[in-house]
Amino acid sequence: MIKVYLIDISRKFGFEECIKHFPKRYEDAKRYRYNDDVLRSYAVGVLLWKVLGLEDCDIEYEKNGKPFSRKTDMRFNISHSGKWVALAVDNDEVGVDIE
């Protein structure tokens, strides 16, 4: 069964966890011009950690840029737009589009 998790970046969401578990994402996000882009990046890290227990070192990317991890059998997909970040998780291929 597909599960979808959402974070509203306009509310406090514990981005401190991103700093701890996703140091590369944290450093990369500092280069973004807009604060909302930074927060969306942090929110992705928080979702990956809280839902799947993944950290920076666990994430790889397919040729098309889709993230995956060998650490979990679960398949996942990420989308973000405006104040929302979504993470869809399933046993099979899954996609999500927040728009």
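Owing to the predicted nature of the structure, the values given are computational and were not obtained by experimental measurement.

Q: Would you take a moment to explain the nonpolar core for this structure?
A: Proteins that are soluble and globular tend to have nonpolar side chains buried together. Ile7, Ile9, Phe13, Tyr42, Leu48 and Phe76 are the most contacted members of the largest nonpolar core, which has 21 residues in total. The set of elements that each furnish at least two residues to this core consists of helix H3 (35-52) and strand E5 (84-90). With nine residues, H3 is the largest single contributor of residues to this core. Ignoring sequence-local partners within four residues, the contact set of tyrosine 42 consists of Phe13, Phe15, Cys18, Tyr26 and Ala29.

Q: Whenever I open this one, the pairing of strand E4 (residues 75-81) confuses me. Can you help?
A: The side chains of a regular strand alternate, residue by residue, between the two faces of the sheet. Where E4 meets E5, seven bridges bridge the pair, whose relative direction is antiparallel. Among the inter-strand pairings, isoleucine 78 is bridged to a residue of E5, identified as leucine 87.

Q: What exactly am I supposed to notice about the side chain of aspartate 8 here?
A: Within the secondary structure, aspartate 8 is located in strand E1 (residues 3-8). Judged by relative accessible area, which is 10%, aspartate 8 ranks as buried. Aspartate 8 has contacts with Phe13, Lys83 and Trp84, leaving out every residue within four places of it along the chain.

Q: Looking at this model, I keep getting lost on the sheet that holds E5. Mind explaining?
A: In a beta sheet, neighbouring strands are held together by backbone hydrogen bonds and run either parallel or antiparallel to one another. One open sheet accounts for three strands, arranged E1-E5-E4; its pairing is antiparallel. The sheet terminates laterally at E1 and E4, the two strands that pair on one side only. Each neighbouring strand pair of the sheet contributes to a mean axis angle of 15 degrees, computed without reference to strand direction. The strands that H3 touches are E1, E4 and E5; relative to E5, the one it contacts most, it runs at about 30 degrees.

Q: How should the confidence of the model for the protein chain be read in this particular structure?
A: Caution applies to low-pLDDT parts of the model: their predicted coordinates are not meant to be read in detail. On average, residues of the protein chain score 90 in pLDDT, and 100% of them reach the 70 mark or higher. At the level of individual helices and strands, the protein chain shows its lowest average pLDDT in helix H1 (residues 16-21), which scores 77, and its highest in E5, which scores 96.

Q: Mind showing me how you'd approach H3 here?
A: Think of an α-helix as turning once every 3.6 residues; residues three or four places apart then point the same way. A rise of 1.5 Å per residue sets the reference length of H3, with its 18 residues, at 26 Å; its end C-alpha atoms lie 26 Å apart and thus fit the reference within 8%. Buried residues in H3 make contact with E1, H1, helix H2 (23-29), E4 and E5. At the exit of H3 stands glycine 53, carrying a positive phi of roughly 70 degrees.

Reading the values: the criteria
- Residues numbered from 1 in each chain as written.
- Predicted model: local features only at pLDDT ≥ 70, side-chain atom pairs only at ≥ 80, totals over all residues.
- Heavy atoms only, no water.
- Core = buried A, V, L, I, M, F, W, Y, C linked by side-chain atoms within 4.5 Å.
- Buried < 20%, exposed > 50% of the residue type's maximum accessible area, 1.4 Å probe, protein only.
- Helix = DSSP H or I, 4+ residues; strand = E, 2+ residues; numbered from the N terminus.
- Contact = heavy atoms within 4.5 Å.
- Pairing = 2+ DSSP bridges.
- Axes fitted to C-alpha atoms, helices over the stretch in contact; angles between N-to-C directions.
- pLDDT = per-residue confidence, 0-100.
- Expected span 1.5 Å × (residues − 1).

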